[in-house]
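Geometric and topological summary
This is what each chain is made of:
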Amino acid sequence: MDAAQINQVRRFNRTVTERVGVLHDHYLGLDRPIGEARLLWEIGEQGQDVRRLRERLGLDSGYVSRMLRSLEADGLVTVEPQPRDKRVRTVRLTDAGRTERAVLDGRSDELAGSLLEPLNPAQRARLVAAMAEVDRLLTAATVTLDALDPDHPDAQHCLRCYVSELQEHFETGFDPAQSLLPDAGELRSPHGLFLVARVHGEPVGCAGLKLPPGAPAEIKRMWVAPHVRGLGVARRILAELEARAAQHGHDLVRLDTNRALTDAIALYHSCGFGEVAAFNDEPYAHHWFEKRIARQSHE
């Protein structure tokens, strides 16, 4: 990054905040700031787990609690513990909350129209396309990678999606019991690790890394949700796994894949993995890859 790039980002931020009215305490002419208005929109018709709401907006619990108390005092939401787990709270819109959310939606549409109306058709198309690209890139910048226990709910969600997708795409289907998938213990320290990628708190990708002593590190169970593909999540995961393997003293990383996963095969080639002879008896594998990495010193 250079100074010109930083200045352009700051200029863009100033322009956007001015044009969409976030500098005012009465967002879109209503008697509340943008934070509370956004909270109403994110809660949605079905309600929302408060923890997920915090993660989705990237806000600390104290700030979200203050906004929820304000909305609750105005009769717009209810916040109640779940019957099965009192630690988990769910927020839902009241009838008054739904009415105000509908007003917000209408005025948001009007604001969007006011941004487009002064432009000619070609300019509108350019602006909308540019906004879509900015949205994707900013979303990519929010991806987080965390090492979790394989039994963590987010890890289990990713693994279920992983199995479901393989069952759909493999010519012969996919039976986890027939595969050489590692058990959870092989993906826990010190034997390995399990990474989960999240976007706005939502688990959208995963991969395990086996770290056997005296043998190459091995990547297993790699999956990225279809709706975030193209954001570079898989490359981020691969790079992080390579770095973790190097930190544990490994200088070779291996993986295998099925011929039906053509995008994955292309990704591995583009990330510097080379095809090698089969190094295991995985029944669902048709391609085996490895990559030399720079081992890190433990001194």
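To be clear, the structure that these remarks concern was listed above.
These remarks concern the structure in this document. In this text the structure is predicted, and so the values were computed from the model without any measurement.

A look at the overall build of the protein chain
Helices and strands together make up the secondary structure of the protein chain, namely nine helices and 10 strands. For the protein chain, the C-alpha atoms occupy an extent of roughly 65 × 50 × 50 Å along the three principal directions. Taking all 299 residues of the protein chain together, 38% fall into the buried category. Taking all contacts inside the protein chain whose residues are at least 6 apart in sequence as the whole, residues at least 24 apart take part in 60%. Total accessible area computed for the protein chain in this model is approximately 17200 Å², and 52% of it derives from carbon and sulfur atoms. Taking the average place of the 38 positive charges on the side chains of the protein chain and the average place of its 44 negative ones, the gap between the two points comes to 3 Å.

Regarding the pairing of strand β5 (residues 192-199)
Counting buried residues in β5 gives eight out of eight residues, a clear majority hidden from the surface. Here four bridges tie strand β4 (residues 144-147) to β5, and the two strands are oriented antiparallel to one another. Across the sheet, Leu-145 pairs through a bridge with Ala-197, a residue of β5. As judged from the eight bridges shared by β5 and strand β6 (residues 202-210), these two strands associate in the antiparallel manner.

Let's talk about the packing of aromatic side chains
The tally for this structure, following the rule as stated, stands at six aromatic pairs. Ring geometry for Phe-170 and Tyr-284: centres 5.8 Å apart, planes at 35°, overall tilted. With a gap of 114 residues between them, Phe-170 in the loop between α7 (153-169) and β5 and Tyr-284 in the loop between β9 (274-276) and β10 (287-292) connect regions that are remote in the sequence. Side by side, Phe-170 and Tyr-284 carry an identical accessibility label, which is buried. Note on Phe-174 and Tyr-284: the rings are 4.9 Å apart at their centroids and 55° apart in plane angle, and the pair reads as tilted. Taken together, the residues span a long stretch of sequence, with Phe-174 in the loop between α7 and β5 and Tyr-284 in the loop between β9 and β10 at a distance of 110 residues. Linked through ring pairs, Tyr-162, Phe-170, Phe-174 and Tyr-284 together constitute an aromatic cluster. One residue, Arg-254, lies across the ring of Phe-279, its end atom 4.8 Å from the ring centre.

Concerning the layout of surface pockets
Approximately 1800 Å³ is the volume attributed to the largest pocket. When its residues are assigned to classes, the lining of the largest pocket shows 21 nonpolar, seven polar and five charged. If you trace the second largest pocket, you find 36 residues lining it, with Met-222, Trp-223, Leu-261, Ala-264 and Tyr-268 closest to the centre. Of all the secondary structure elements, the ones that give two or more residues to the lining of the second largest pocket are α7, β7 (217-224), α8 (233-247), β8 (252-257) and α9 (262-270). Among the elements that take part in the lining of the second largest pocket, β7 stands out by supplying six residues, more than any other.

Quick look at the nonpolar core
By size, the foremost hydrophobic cluster in this structure holds 50 residues, and its most contacted members are Ile-237, Tyr-268 and Phe-273. Contributing elements (two or more residues each) for this core: α7, β5, β6, β7, α8, β8 and α9. For this core, the element with the most residues is α8, which contributes seven residues. Excluding anything up to four places from it in sequence, Phe-273 contacts Ile-219, Leu-238, Glu-242, Val-253, Leu-255, Tyr-268, Phe-289, Glu-290 and Lys-291. Within the second largest apolar cluster, 20 residues are counted, among which are Val-50, Met-67, Val-77 and Val-79.

About the thresholds
Residues numbered from 1 in each chain as written. Predicted model: local features only at pLDDT ≥ 70, side-chain atom pairs only at ≥ 80, totals over all residues. Heavy atoms only, no water. Helix = DSSP H or I, 4+ residues; strand = E, 2+ residues; numbered from the N terminus. Buried < 20%, exposed > 50% of the residue type's maximum accessible area, 1.4 Å probe, protein only. Contact = heavy atoms within 4.5 Å. Areas by Shrake-Rupley, 256 points an atom, 1.4 Å probe, with all protein chains shown as cover. Lys, Arg positive; Asp, Glu negative; His and termini not counted. Charge placed at Lys NZ, Arg CZ, Asp CG, Glu CD. Pairing = 2+ DSSP bridges. Phe/Tyr/Trp six-rings, centres within 6.5 Å; stacked < 30°, edge-to-face > 60°. Lys NZ or Arg CZ within 6 Å of the ring centre and 35° of its normal. 1 Å grid on protein atoms, 1.4 Å probe; cavity = no way out; pocket = protein on both sides within 12 Å on 5 of 7 lines; lining within 4 Å. Points joined across faces, edges and corners; volume = space filled by probe spheres on them. Nonpolar A, V, L, I, M, F, W, Y, C, P; charged D, E, K, R; others polar. Core = buried A, V, L, I, M, F, W, Y, C linked by side-chain atoms within 4.5 Å.

By themselves, these observations are geometric and do not establish any function.
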